[in-house]
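Summary of structural features
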Amino acid sequence: MIKYDPISAEILKNEELRQLNEMELIASENYTSIDVQTALGSILTNKYSEGYPGKRYYAGQEFTDQAENLAIERAKRLFNCKFANVQPLSGAPANFATLLALLKPGQKIMGMSLSHGGHLTHGSEPSFTSTVWKSVQYGVDPETGLINYDDLKKIAEKEKPDLILAGFSAHSRSLDWKKFKEIADSIGAYTMADIAHIAGFVATGQLENPLDHGFDVVTTTTHKTLRGPRGGLILTNHEDLSKKINFAVFPGFQGGPHMNNVLAKAIAFNEALQPEFKTYTKQVIKNAQTLANELKNLGVEIITDGTDNHIVLFNCLSSFNIGGKQAQLALEQAGLSTNKNTIPNETRSPFDPSGIRLGTAAMTTRGFKEAEFKKVAELIDQVLKNPENPDVLDNIKNEVKAICKLHPLPH
Ligand code: DSN
C-alpha cells in the first residue's frame, strides 16, 4: 500500500480496480501470485549486484547470491537444462544479449516476420537487431497461416544466415523444432528459440522443449504463460555458449540485475514446478481451443483455424467488417482487454490492422474454464456486431464485471 503519495496511491488503486473488473485477454499477460509481487516490491530493489554469484563488484552480496543461485537452479530444473542466466530484464534484452553472444555484428539472422507473428527483436526492420545484424525474414503460408518448412529451407539455403530464430508473438500453432534444427544444421547456422509465449507449456511438457531437439539457445520472458514477474531468461546446454551468454548479458548489454526481480523469478519457477501448475497450463490450452471453436461457430475467421497454445488470432475485418483499432476499442469499452494485431498477408497498418489477438492464460488463472470461455466468445461476438452502440457496450461491461466478481485475482 502506498502511504505518503496520494496521487500515486490513486493511480495504483484505479489500476487494481481495472484489473479486478475487466477480463484480461491479452495473450502476453497474466496475474502473478502474492509471493511474486512481494518479492518485486521488496527491499531487494535497493541492491546493486553487478556480476554473478561469487564474483560481484560490490559488497553485501550474501543474500543476493543466494537469490540468484536459487533462481538458476530452479530454472534449470524447470526446463531440464544445464545453464540458465536469470538476469535479463525482459525478453528483448534476453534476445539481444543472446545474439550478441553468438554472433559478430554484421552476421546474418533469420527470424519470423513481425507481420506474420514474429517479434520485433527477431530482426524486424524497426528493431536494433536488424541494425547490428543483417536480417532475412521468413513468413507463414498465406493460405494456411502455418510455416511451410520447404519454403523456410529454400530461404535458408539461399540466404545462408548464421543463426535461425524460431519463435513468435502471435502464432497459435506449435513449431516443428526438429525441422528448424535440421535446416539450420544443413547450413551450419546456430539455432535459437524464443519461447516467450509458450514457456509455461514447455516447462510442464504440454509442448516440446526446443533444447530436447538440440537447439543451441532458448530465450523466454518469465511473465506470460509462465506467470512470473516481468523478466527474461536465457537457457542452454552448452558450457561454451553459457560463458559467452553470461558475458553478453553483463557486462556486454546490461548493468546491475534487478535482484527483486531475480528473487521473484525464483518464486515463480518454484510455483511452476508444482503439479497444480501443470493442471493450470492444460486448462489454458483447453480454454483457448474452446474459445477458438466457439468463435468459429459464430462465424468468426480464426487464423490457422484453431490453436495449439493459449493464443487465438482472428480476422475482425473479414468477420465483422471493422478494423483492429476499432475492435480493440469497442472490446475495451465493454471490459474485454485485448490487442489489435496484424494477421498473415496483412494489407493494413499495424496501428489499425485486420486482426485481434486473444489469450487465455490470465483468465484461466482466475479460474475460468470452458463454460466461461464459451461466454467470452459470445460477448466478443456481441461487442463486435455493435461496436458503436453504447447501450450494448455498457450492458456487456456490467455483465463482465459481474462475472469477474465471481473470479477474484489470485491474492
Ligand atoms: N509484447 C509482447 C507480446 O504482447 O507478445 C511481446 O514482446
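We now turn to the structure provided with this report. (Residues numbered from 1 in each chain as written. Predicted model: local features only at pLDDT ≥ 70, side-chain atom pairs only at ≥ 80, totals over all residues. Heavy atoms only, no water.)

Right, let's get into the overall build of the protein chain. Secondary structure summary: the protein chain contains 16 helices and 15 strands in total. Here the C-alpha radius of gyration of the protein chain, 21 Å, is about what a compact globule of 411 residues would show, namely 22 Å. Projected onto its principal axes, the C-alpha coordinates of the protein chain cover approximately 60 × 60 × 35 Å. Taking all 411 residues of the protein chain together, 56% fall into the buried category. Just so you have it, the protein chain exposes about 18,000 Å², and 52% of that area is on carbon and sulfur atoms. Side-chain charges in the protein chain split into 43 positive and 47 negative, and the spacing between the mean points of these groups amounts to 4 Å. (Helix = DSSP H or I, 4+ residues; strand = E, 2+ residues; numbered from the N terminus. Rg over C-alpha atoms; globule rule 2.2 N^0.38 Å. Buried < 20%, exposed > 50% of the residue type's maximum accessible area, 1.4 Å probe, protein only. Areas by Shrake-Rupley, 256 points an atom, 1.4 Å probe, with all protein chains shown as cover. Lys, Arg positive; Asp, Glu negative; His and termini not counted. Charge placed at Lys NZ, Arg CZ, Asp CG, Glu CD.)

So, on to the pairing of strand 12 (residues 311-315). With 5 of its 5 residues buried, strand 12 lies for the most part within the structure. With 2 bridges connecting them, strand 11 (residues 301-302) and strand 12 associate as antiparallel partners. When the sheet's bridge partners are listed, Ile302 is paired in strand 12 with Phe314. Pairing analysis gives 5 bridges linking strand 12 to strand 15 (residues 355-359), with the strands arranged antiparallel. Within the sheet, the bridge partner assigned to Phe314 lies in strand 15 and is Ile356. (Pairing = 2+ DSSP bridges.)

This next bit is on the packing of aromatic side chains. Under the criterion given, the structure shown has 11 aromatic pairs. Ring geometry for Phe96 against Phe128: centres 5.8 Å apart, planes inclined by 10°, an arrangement best described as stacked. Of this pair, Phe96 sits in helix 4 (residues 91-102) while Phe128 sits in the loop between strand 5 (108-112) and helix 5 (129-132); the two residues are 32 residues apart in sequence, bridging distant segments of the chain. Ring centres of Phe277 and Tyr280 lie 5.4 Å apart, and the angle between their planes is 40°; on these two criteria the pair is classed as tilted. Of this pair, Phe277 and Tyr280 both sit in helix 11 (residues 275-297), 3 residues apart, which is roughly one turn of the helix. (Phe/Tyr/Trp six-rings, centres within 6.5 Å; stacked < 30°, edge-to-face > 60°.)

It is worth spelling out helix 6 (residues 149-159) at this point. Every buried residue of helix 6 is listed here: Tyr149, Leu152 and Ala156. Each buried residue of helix 6 lies within a common arc of 55° when the element is viewed along its axis, so the set occupies one face. Seen from the open side of helix 6, the exposed residues pointing more than 90 degrees away from its buried face are Asp150, Lys154 and Lys158. Looking at the packing, one finds that the buried side of helix 6 touches strand 5, strand 6 (134-138), strand 7 (163-167) and helix 7 (177-187). Two to three positions downstream of the cap, the backbone nitrogen of Asp150 sits 2.9 Å from a side-chain oxygen, assigning the N-cap of helix 6 to Asn148. Just beyond helix 6, the residue with positive phi is Lys160, at close to 45°. (Arc of directions from axis to C-beta. Contact = heavy atoms within 4.5 Å. Polar contact = N/O pair within 3.5 Å; in protein donor to acceptor, adjacent residues only side chain to side chain.)

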